[in-house]
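So you can see what is in the structure, the chains are spelled out below.
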Amino acid sequence: DHIYGDDIERNVLTAAGNLPGEVTYFVIEMDESIDSSTRLSAGDYTVMATWSPGLAGSAPISEVRQFTVSKAQLLLTIKPMIVPEDATSVSLPDYEVTGFKYDETEAVLSFPFIFDLGGSFTKPGEYPITLSSNWPDQPNYSVLTIPSKMTVLGSDLEVTWELSQDTFTYGDVASRALLSAT
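Only a predicted model underlies this, so the values are computations on that prediction, with no experimental measurement involved.

**A short note on the pairing of strand E11 (residues 125-131)**
- Note: strand E10 (residues 115-116) against E11, 2 bridges, orientation antiparallel. From the neighbouring strand, Asp 116 faces E11, where its bridge partner is Thr 130.
- Pairing of E11 with strand E13 (residues 148-153), which is carried by 5 bridges, proceeds in the antiparallel orientation. Residue pairing across strands places Gly 125 opposite Val 152, the latter belonging to E13.

This is the structure we're talking about:
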């Protein structure tokens, strides 16, 4: 079995008596031969492998085998966010994706990432950011998500200090009775 992005190897076999031979592969579902440069999508395949002996007059031997190409795994790392409590909207979180095969990028995904931002965030605190369970399954990739958090900061408080007397003598200690905050 293989993982999407693995090279499908073209093998050289050695038969009994140390006779060389070559194996070729024909994918029945695709109705074509494949070699190490063939890109097979994730799925189940039936392959006819044919061994052609390296000796003149020797007949080729074929065998049919099943194999699976599993999805490759992407790693989605979501970056933390900080937003003020009075934000009227929140942008999508920054993230990083690694694990694409060949020269592929996010453009091969059938749908852009969808994030859950921890529900309603009407008060200061920390809220989880995860990949939405509504994000559709992808043909050749599974996704492992490293979730993050969104921190909602409370509004800045304005403190006004009031003194109960206007003058102090050097050495006096300002006590709670002399200072009050609103």
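**Looking at the confidence of the model for the protein**
- Mean pLDDT over the protein stands at 79; residues scoring 70 or higher make up 75%.
- Across residues 10-17, confidence stays below pLDDT 50; counting only partners more than four residues off in sequence or on other chains, it has 17 contacts.

**Digging into the side chain of Ser 148**
- Looking at the secondary structure, you find Ser 148 in strand E13.
- The class of Ser 148 is buried, set by a relative accessible area of 16%.
- Within the local environment of Ser 148, its side chain forms a polar contact with the backbone oxygen of Ile 78, the two atoms lying 3.5 Å apart.
- Excluding its chain neighbours within four sequence positions, the residues that come into contact with Ser 148 are Ile 78, Lys 79, Pro 80, Tyr 127, Pro 128 and Ile 129.

**So, the sheet that holds strand E9 (residues 95-98)**
- Here we have 3 strands laid out as an open sheet, ordered E9-E7-E12, and mixed in their pairing. A strand with exactly one partner marks an edge of an open sheet, and here the two such strands are E9 and strand E12 (141-146). Between one strand axis and the next, the sheet turns through 25° on average, direction left out of account.
- In terms of strand pairing, strand E7 (residues 72-78) meets E12 through 6 bridges, oriented parallel. Considered in E12, the bridge of Leu 76 is made with Thr 145.

**Observations concerning the side chain of Thr 50**
- You can see Thr 50 is positioned in strand E5 (residues 43-53).
- What makes Thr 50 buried here is its relative accessible area of 18%.
- In this structure the side chain of Thr 50 is engaged in a polar contact, spanning 2.8 Å, whose partner is the side chain of Ser 62.
- With residues up to four places along the chain from it excluded, the contact list for Thr 50 reads Glu 22, Val 23, Thr 24, Pro 60, Ile 61 and Ser 62.

**Comments concerning the nonpolar core**
- Residues Tyr 45, Leu 76, Leu 109, Phe 113, Ile 129, Tyr 141 and Met 150 are the most contacted members of the largest nonpolar core, which totals 30 residues.
- For this core, the secondary-structure elements that each account for two or more residues are strand E3 (19-27), E5, strand E6 (61-70), E7, strand E8 (81-84), E11 and E13.

**Some thoughts on the pattern of salt bridges**
- A full pass over the atoms with the stated rule returns 5 salt bridges.
- Its salt-bridge partner being Arg 65, residue Glu 63 comes within 2.2 Å of it at the nearest N-O pair.
- Given the relative accessible area of 52%, Arg 65 is considered exposed.
- Lys 79 serves as the salt-bridge partner of Glu 96, at 3.9 Å between the closest nitrogen and oxygen. Of this pair, Glu 96 sits in strand E9 while Lys 79 sits in the loop between E7 and E8, and the two are 17 residues apart along the sequence.

Definitions and limits used
- Position labels on residues start from 1 in each chain and follow its written sequence.
- In keeping with the predicted nature of the model, local features appear solely for residues at pLDDT of at least 70, side-chain atom pairs appear and are counted solely at 80 or more, and the whole-chain, interface and lining totals rest on all residues.
- As a convention, hydrogens and water are excluded, and side-chain values are obtained from all of the structure's heavy atoms.
- Pairing between strands requires that DSSP locate at least two bridges from one strand to the other.
- Secondary structure follows DSSP: runs of H or I at least 4 residues long count as helices, runs of E at least 2 residues long count as strands, and numbering of each begins at the N terminus.
- pLDDT expresses how confident the predictor is about each individual residue, on a scale running from 0 to 100.
- Only heavy atoms enter the contact rule, under which two residues are in contact if any of them lie within 4.5 Å.
- Each residue's exposure class comes from its accessible area (1.4 Å probe, protein chains only) as a fraction of the maximum for that residue type: buried when under 20%, exposed when over 50%, partly exposed otherwise.
- Pairing of N or O atoms within 3.5 Å defines a polar contact, subject to two protein rules: one partner must be a possible hydrogen donor and the other a possible acceptor, and residues neighboring in sequence count only if both atoms are side-chain atoms.
- Here an axis means a line fitted to C-alpha atoms, over the contact stretch when the element is a helix, while the angle between two N-to-C directions is reported on a 0 to 180 degree scale.
- For our purposes a nonpolar core is just a set of buried Ala, Val, Leu, Ile, Met, Phe, Trp, Tyr and Cys residues, chained together by side-chain atoms within 4.5 Å.
- Counted as salt bridges are all cases of a side-chain nitrogen of Lys or Arg within 4 Å of a carboxyl oxygen of Asp or Glu.

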